[in-house]
Amino acid sequence: MKKGVVYLIGAGPGDPGLITLKGKEILESCDALVYDHLASKEFLSWVPSRCKTFYVGKQAGCHSMKQDQINELLVQLALEGNKVVRLKGGDSFVFGRGSEEILALKEKEIPWELVPGITSCVSVPELAGIPVTHRNVSRSFHVITGHTLAGGREQNELKAYAAMEGTLVFLMGFHSLSAITEGLI
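Residues numbered from 1 in each chain as written. Predicted model: local features only at pLDDT ≥ 70, side-chain atom pairs only at ≥ 80, totals over all residues. Heavy atoms only, no water.

Q: Looking at this structure, I do not really get the state of the cysteines. What am I missing?
A: Here is the idea: a disulfide is a covalent bond, and it sits between the sulfur atoms of two cysteines. Applying the stated criterion across every chain, the model contains zero disulfides. No disulfide involves Cys51; its sulfur sits 3.6 Å from that of Cys30, the nearest cysteine. (Disulfide = S-S within 2.5 Å.)

Q: Can you help me understand the packing of helix H5 (residues 154–163) against helix H6 (residues 177–184) in this one?
A: Two measures define how a pair of helices packs: the angle their axes make with one another and the distance between the axes. With their axes 8 Å apart at the nearest point, H5 and H6 run at an angle of 55 degrees to one another. In terms of axis orientation, H5 runs oblique to H6. The two elements H5 and H6 meet at a crossing, and its hand is right-handed. For the pair formed by H5 and H6, the contact residues are Gln155, Leu158, Lys159, Tyr161 and Ala162 on the first element and Ala179, Ile180, Glu182, Gly183 and Leu184 on the second. The class makeup of the residues in the contact of H5 with H6 is six nonpolar, two polar and two charged. (Axes fitted to C-alpha atoms, helices over the stretch in contact; angles between N-to-C directions. Helix = DSSP H or I, 4+ residues; strand = E, 2+ residues; numbered from the N terminus. Parallel < 35°, antiparallel > 145°, perpendicular 65-115°, else oblique. Left-handed = near helix turned anticlockwise from the far one by under 90°. Contact = heavy atoms within 4.5 Å. Nonpolar A, V, L, I, M, F, W, Y, C, P; charged D, E, K, R; others polar.)

Q: Hey, could you run me through the packing of aromatic side chains in this one?
A: Working definition: an aromatic ring pair is given by the centre-to-centre distance plus the angle between the planes. Inspection of the entire model under this criterion finds three aromatic pairs. Here Tyr161 and Phe170 contribute two aromatic rings whose centre-to-centre distance is 6.4 Å and whose plane-to-plane angle is 85 degrees, an arrangement assigned as edge-to-face. In this structure Phe170 comes out as partly exposed when scored by relative accessible area, which is 23%. Between Lys24 and the ring centre of Trp46, over which it is positioned, the NZ or CZ distance is 4.9 Å. (Phe/Tyr/Trp six-rings, centres within 6.5 Å; stacked < 30°, edge-to-face > 60°. Buried < 20%, exposed > 50% of the residue type's maximum accessible area, 1.4 Å probe, protein only. Lys NZ or Arg CZ within 6 Å of the ring centre and 35° of its normal.)

Q: How do you make sense of the environment of Tyr161 when you look at a structure like this?
A: Tracing the backbone through its elements, the reader meets Tyr161 in helix H5. For the pair formed by Tyr161 and Gly183, sequence separation is 22 residues and the distance between their alpha carbons is 9.2 Å. In this structure Tyr161 touches Ile144, Leu168 and Leu184, once residues within four positions along its chain are discounted.

Q: Please explain H6 as it appears in this structure.
A: Turn by turn, an α-helix covers 3.6 residues, leaving residues three or four places apart pointing in a common direction. For H6, every residue scored as buried is listed here: Ala179, Ile180 and Gly183. Buried residues of H6, seen end-on, are gathered within an arc of 100 degrees and therefore sit on one face of the element. Tucked into the core, H6 has its buried residues touching H5 and strand E9 (167–171). (Arc of directions from axis to C-beta.)

Below, the structure written as structure tokens:
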């Protein structure tokens, strides 16, 4: 049996107009789609009607599938000879566990290709008119997961971040917002 191929595609920050052309073209010809919570539902309309779709979204406290199971699903679909798309919100390598999925594919010698997405850590502030860098104001920016910043030793991390020059971009920090702001202040 011929192995399929897995494409890890970053879907961008949610606006269907901000996925790459290459990502859209691959979506339009895939046999199986494994997608997460952050992907716009409009992306689903681009896949062929014969395409098998699998929702594997994760929201705070509610994971439809554990990461190991997602890895196994990608391997299984590829071993069945499918052209598989793993559609991920933002970019696959920015807190997206894309590297873990690639390691699982490599272990089974399954071909894969990465199609980078427009990362939300730059595009969302830009869409709101906020530059992450600006001459004579901010010469760097730092991307930090807010998912685990709920107190304890993380408060020391936040003090260190507050002392840094540059723009701080926190992703996935909604539920830790008060701890983040208190720690930075």
